[in-house]
Amino acid sequence: ITVLWTVMEPGLVDTGSVAEFAVVSYPTVLLWRNSPGRMIKAIESNQSLLHHAFVKPQDFFFSRLVLELVSATAAFVIIFLFFYFIGIMRLPYSILDMIFGWCMIAFFSIGLALIIGGLAEISEIAERLWHVASYFMLPISGAFFPFYIVSEPLSSYLMISPLVDGVEFLHHGY
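Let us look at the structure shown here.

**A closer look at the overall build of the chain**
In step 1: Within the chain one finds eight helices and zero strands.
In step 2: Order of helices (α) and strands (β) in the chain, N terminus to C terminus: α-α-α-α-α-α-α-α.
In step 3: Principal-axis analysis of the C-alpha atoms gives the chain an extent of 55 × 40 × 30 Å.
In step 4: Relative to its 174 residues, the chain shows a buried fraction of 41%.
In step 5: In the chain, the proportion of contacts linking residues at least 24 apart, taken out of those at least 6 apart, comes to 72%.
In step 6: Summed over its atoms, the accessible surface of the chain is roughly 10200 Å², and 72% of this surface lies on carbon and sulfur atoms.
In step 7: Side-chain charges of the chain comprise 7 positive and 13 negative groups, with the mean position of each set lying 12 Å from the other.

Shown next, in the form of structure tokens:
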């Protein structure tokens, strides 16, 4: 899809190609949407492991979070390098801004995942509500549009979302 966007709409985003925008933005969505999904019913599905003396419930959350963060980061780096080597993307302008933005989104994802995971262990309603809420969070995450095109009254409301800051740091670094 990214390659098709590059061919069909090469000048859609002022700061670079649509492919660059999509490759930098979409992994952030994967990180904050998939992390809470991994936490849902983490204790219930691994309850048999609690009979071991050294395994505690928070170990399930920690191991799943580490796995999700490492896999999302690896996927981002691999797809970035792939598109760089085939010539669709360029190297980042400021790698530190990109790392800082990624860390902001990772911290948000960890907090969100722990909250959703804890609530889902108590109530099945929380699990159902998370799936609906995640769809409402997509348009305000800042991953699907450049923030500079949003007009002032709406942009001040969007800046309330911590996701917008993290995604904008990634875009600024790129």
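**Some remarks on the pattern of salt bridges**
In step 1: Tallied over the entire structure, the rule returns two salt bridges.
In step 2: With its nearest N and O atoms 3.0 Å apart, the salt bridge here joins Glu68 to Arg38. Note that Glu68 is positioned in helix 4 (residues 57–85) and Arg38 in helix 2 (residues 18–39), a separation of 30 residues in sequence.
In step 3: We classify Glu68 as buried; its relative accessible area is 7%.

**Side note on helix 2**
In step 1: Look at helix 2: 32 Å from first C-alpha to last across 22 residues, which is about the 32 Å you get at 1.5 Å a residue.
In step 2: With 16 of 22 residues buried, helix 2 lies mostly within the body of the structure.
In step 3: Phi for Lys41, located one or two positions after helix 2, is positive at around 60 degrees.

**Regarding the layout of surface pockets**
In step 1: Counted as a void, the second largest pocket has a volume near 230 Å³.
In step 2: In this structure, the second largest pocket is lined by Thr73, Phe76, Val77, Phe80, Leu81, Leu91, Pro92, Ile95, Met98, Ile99, Trp102 and Leu170.
In step 3: For the lining of the second largest pocket, the elements supplying multiple residues, two or more each, are helix 4 and helix 5 (95–122).
In step 4: Residue contributions to the lining of the second largest pocket peak at five residues, all from helix 4.
In step 5: Of the residues contributing to the lining of the second largest pocket, the split by class is eleven nonpolar, one polar and no charged.

**Concerning the packing of helix 2 against helix 5**
In step 1: Viewed as axis vectors pointing N to C, helix 2 and helix 5 meet at an angle of 25 degrees, and their least axial separation amounts to 7 Å. The pairing of helix 2 with helix 5 is recorded here as roughly parallel in orientation. By crossing handedness, the relation of helix 2 to helix 5 is classed as right-handed. Residues Val24, Pro27, Thr28, Leu31, Trp32, Ser35, Pro36 and Met39 of helix 2 pack against Met98, Trp102, Ile105, Ala106, Phe108, Ser109, Leu112, Ala113, Ile116, Gly117 and Glu121 of helix 5.

**Overview of the packing of aromatic side chains**
In step 1: Per the counting criterion, the structure on display carries five aromatic pairs.
In step 2: Measuring from centroid to centroid gives 5.4 Å for Phe82 and Phe83, while their planes differ by 75 degrees, and the two rings are edge-to-face.
In step 3: With relative accessibility at 6%, the residue Phe83 sits in the buried group.
In step 4: Here the aromatic rings of Tyr84 and Phe85 are separated by 5.3 Å at their centres, their planes lie at 65 degrees, and the arrangement is edge-to-face.
In step 5: With a relative accessible area of 30%, Tyr84 lands in the partly exposed category.

Quick notes on the rules
- Residues numbered from 1 in each chain as written.
- Predicted model: local features only at pLDDT ≥ 70, side-chain atom pairs only at ≥ 80, totals over all residues.
- Heavy atoms only, no water.
- Helix = DSSP H or I, 4+ residues; strand = E, 2+ residues; numbered from the N terminus.
- Buried < 20%, exposed > 50% of the residue type's maximum accessible area, 1.4 Å probe, protein only.
- Contact = heavy atoms within 4.5 Å.
- Areas by Shrake-Rupley, 256 points an atom, 1.4 Å probe, with all protein chains shown as cover.
- Lys, Arg positive; Asp, Glu negative; His and termini not counted.
- Charge placed at Lys NZ, Arg CZ, Asp CG, Glu CD.
- Salt bridge = Lys/Arg side-chain N within 4 Å of Asp/Glu carboxyl O.
- Expected span 1.5 Å × (residues − 1).
- 1 Å grid on protein atoms, 1.4 Å probe; cavity = no way out; pocket = protein on both sides within 12 Å on 5 of 7 lines; lining within 4 Å.
- Points joined across faces, edges and corners; volume = space filled by probe spheres on them.
- Nonpolar A, V, L, I, M, F, W, Y, C, P; charged D, E, K, R; others polar.
- Axes fitted to C-alpha atoms, helices over the stretch in contact; angles between N-to-C directions.
- Parallel < 35°, antiparallel > 145°, perpendicular 65-115°, else oblique.
- Left-handed = near helix turned anticlockwise from the far one by under 90°.
- Phe/Tyr/Trp six-rings, centres within 6.5 Å; stacked < 30°, edge-to-face > 60°.

None of the figures reported here should be taken as evidence of function without further support.
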